[in-house]
Amino acid sequence: MISIHPLTPKYITKYSLAYTDGVVHLSTGDMLRAAVAAGTDVGKQAKDFMDSGKLVPDEVIIGVVKDRLDESDCVECGWLLDGFPRTPAQAEALADAGVSADCFIFLNVPDEVLVERVVGRRTDPETGKIYHMTFSPPEDEEVLARLEQRSDDTEEKVKVRLEQFYANVDAVKGSYTDIYVEVDGTKKPDEVSATIVKAIDSVLA
Ligand code: AMP
């Protein structure tokens, strides 16, 4: 399934035929949260920025992504970058490393909708499943009791995250005008997925 993450542009390449499970999904947010949880050097450098809703410095994240793209699963199966590049320097670093994509998908969602989605978002630490307290509540009390909220999923932090997004988005988009596809992210998840799949199919046809 293609990940829907409306705060960030999406960058997709080398989609294999079975793109529901064929490519490696690289979410830089997930990678950084894992690094913070594991207490690695990258995690230590990233933590305070993430907690405040700010972008992690380019020099911290760029190396992580480049190294990951060089691993054999990405080289063999292709990849979907979710949440990267988020700054012009990150886009430039990919280009300098000779990394190119087939399709850049921009999920467009108004700020007020994003805030509502983010503030209601919860994760089940046992299954990794993501819920929304209003739009997709958990099936039972047991799951409800163990749900966790990301520390940056508050209204206050989302405002900072949006500021960071607006400071960079035009420059990032500008690097991908030839492969840019804009998708209305306010539609139902199935519709959004179908539109993305169609866009990818058409660039790979
Ligand atoms: P996300 O899970 O995509 O919402 O990302 C969570 C947080 O991780 C962001 O608010 C940033 O602090 C950090 N982060 C994720 N991707 C990047 C990136 N490409 N550049 C800088 N910081 C990032």
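Novice: It is not clear to me how the site of the ligand should be interpreted in this structure. Could you clarify?
Specialist: Near the ligand lie 18 residues; those nearest to it are Thr28, Gly29, Leu55, Val56 and Gly83. Contributions of two or more residues to the shell around the ligand are made by α1 (28-38) and α2 (41-52). For the shell around the ligand, the element with the highest residue contribution is α1, accounting for three residues.

Novice: Would you take a moment to explain the confidence of the model for the protein chain for this structure?
Specialist: Close inspection of predicted coordinates is inappropriate in any region flagged by low pLDDT. With 90% of its residues at a pLDDT of 70 or more, the protein chain has an overall mean of 88. Counting contacts from residues 1-6, a segment whose pLDDT is below 50, to residues more than four positions away or on other chains yields 18 contacts. Note on residues 14-20: pLDDT is under 50 here. Beyond four places in sequence and across chains, it has 16 contacts.

Novice: Help me out: how do you make sense of the packing of α1 against α2 in this one?
Specialist: Relative placement of two packed helices is described by the angle separating their axes and the distance separating the axes. α2 packs onto α1 with a crossing angle of 115° between their chain directions and a minimal axis gap of 8 Å. When the axis of α1 is compared with that of α2, the two are roughly perpendicular. Along this stretch, α1 crosses α2, giving a crossing that reads as left-handed. Contacts between α1 and α2 involve Leu32, Ala35, Val36 and Ala38 on the former and, on the latter, Val42, Gly43, Ala46, Lys47 and Met50. Classifying every residue of the contact of α1 with α2 by side-chain character gives seven nonpolar, one polar and one charged.

The rules behind the values
Residues numbered from 1 in each chain as written. Predicted model: local features only at pLDDT ≥ 70, side-chain atom pairs only at ≥ 80, totals over all residues. Near = placed C-beta within 6 Å. Helix = DSSP H or I, 4+ residues; strand = E, 2+ residues; numbered from the N terminus. pLDDT = per-residue confidence, 0-100. Contact = placed C-beta atoms within 7 Å. Axes fitted to C-alpha atoms, helices over the stretch in contact; angles between N-to-C directions. Parallel < 35°, antiparallel > 145°, perpendicular 65-115°, else oblique. Left-handed = near helix turned anticlockwise from the far one by under 90°. Nonpolar A, V, L, I, M, F, W, Y, C, P; charged D, E, K, R; others polar.

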